[in-house]
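So the chains spell out like this:
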Amino acid sequence: MTTATLTSKGQLTLPKVMRDELKLKAGDKIDFVKDGSGQYMLRPANHDARSLFGCLADLYDGKPISVEDMDRGIATAMRARHPVVPVAMPSTRAPRSTKPLTKKAKR
């Protein structure tokens, strides 16, 4: 177990072992997350997006698909879950007259 000490200013210095394990450096933000049992967990709040590369590789064993194929799949699933129901919208324009237009006489 690693221990840290809270200063009189409310600051906490994480031990080097924890900083190294969490890959933290000066200026990084840390979230303190309370779990269901009332205990707190530390979680780095800012990650480099490159650190996510390959994190889902073990979850998918099929062939790679294109972004266009993904978009089509998402659109198909959305249409299946949320079918479009036509709704008659009230017209905001005044109805057009069916009378023929006549030229005004010059004065």
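J.: Run through the overall build of the protein, naming residues and quoting values.
T.: Within the protein one finds two helices and two strands. Per-residue burial over the protein gives 4% buried out of 107 residues. Within the protein, counting contacts between residues at least 6 apart in sequence, those at least 24 apart form 5% of the total. With an accessible surface of roughly 11,200 Å², the protein has 59% of that area assigned to carbon and sulfur atoms.

J.: Give me the lowdown on the pairing of strand 1 (residues 30-34), citing residues and values where you can.
T.: With five bridges joining them, strand 1 and strand 2 (residues 40-44) adopt antiparallel strand pairing. Bridge pairing links Val33 to Met41 in strand 2.

J.: So, the confidence of the model for the protein: which residues are in play, and what are the values?
T.: When pLDDT is averaged along the protein, the result is 81, and 77% of the positions lie at 70 or above. Within the protein, no element has a lower average pLDDT than strand 2, which sits at 85, and none a higher one than helix 2 (residues 67-81), at 90.

J.: Tell me about the environment of Arg43, residues and numbers included.
T.: Among the structural elements, Arg43 can be located in strand 2. Arg43 sits 13 residues away from Ile30 along the chain, and the two C-alpha atoms are 5.6 Å apart. When sequence neighbours within four positions are dropped, the list of residues in contact with Arg43 reads Ile30, Asp31 and Val33.

J.: I'd love a proper account of the pattern of salt bridges, names of residues and values included.
T.: In the structure shown here, the tally under the stated rule is three salt bridges. Taking the shortest distance from any N to any O, the salt bridge between Asp20 and Lys16 comes out at 2.9 Å. Of this pair, Asp20 and Lys16 both sit in helix 1 (residues 16-21), four residues apart, which is roughly one turn of that helix. Among the salt bridges present, the one from Arg72 reaches Asp69, with a minimum N-O distance of 2.3 Å. Taken as a pair, Arg72 and Asp69 lie in helix 2 at a separation of three residues, close to a single helical turn. What makes Asp69 partly exposed here is its relative accessible area of 35%.

J.: Residue-level account of the environment of Leu6, with values.
T.: By the element assignment, Leu6 lies in the segment before helix 1. Looking at Leu6, the relative accessible area reads 57%, which means it is exposed. Those residues in contact with Leu6 that lie beyond four places of it in its chain are Gln11 and Leu12.

Quick notes on the rules
Sequence order sets the numbering: in each chain, residues are counted from 1 along the sequence as written. The predicted nature of this model means local features are confined to residues of pLDDT at least 70 and side-chain atom pairs, given and counted, to a pLDDT of 80 or more, with totals for whole chains, interfaces and linings taken over all residues. With hydrogens and water stripped out, all remaining heavy atoms of the structure feed into the side-chain values. We count a stretch as a helix when DSSP gives it H or I for four or more residues in a row; a strand needs E for two or more, and each element gets its number in order from the N terminus. Working definition: with a 1.4 Å probe on protein chains only, accessible area under 20% of the residue-type maximum means buried, over 50% means exposed, and in between means partly exposed. Contacts are assigned to residue pairs that have any heavy atoms within 4.5 Å of one another. Values of accessible area rely on a 1.4 Å probe in the Shrake-Rupley scheme; residue burial ignores everything except the protein chains shown. Each pair of strands is called paired provided DSSP finds at least two bridges between the two strands. The pLDDT value expresses, per residue, how confident the predictor is, ranging between 0 and 100. The salt bridge definition used is simple: a Lys or Arg side-chain nitrogen within 4 Å of an Asp or Glu carboxyl oxygen.

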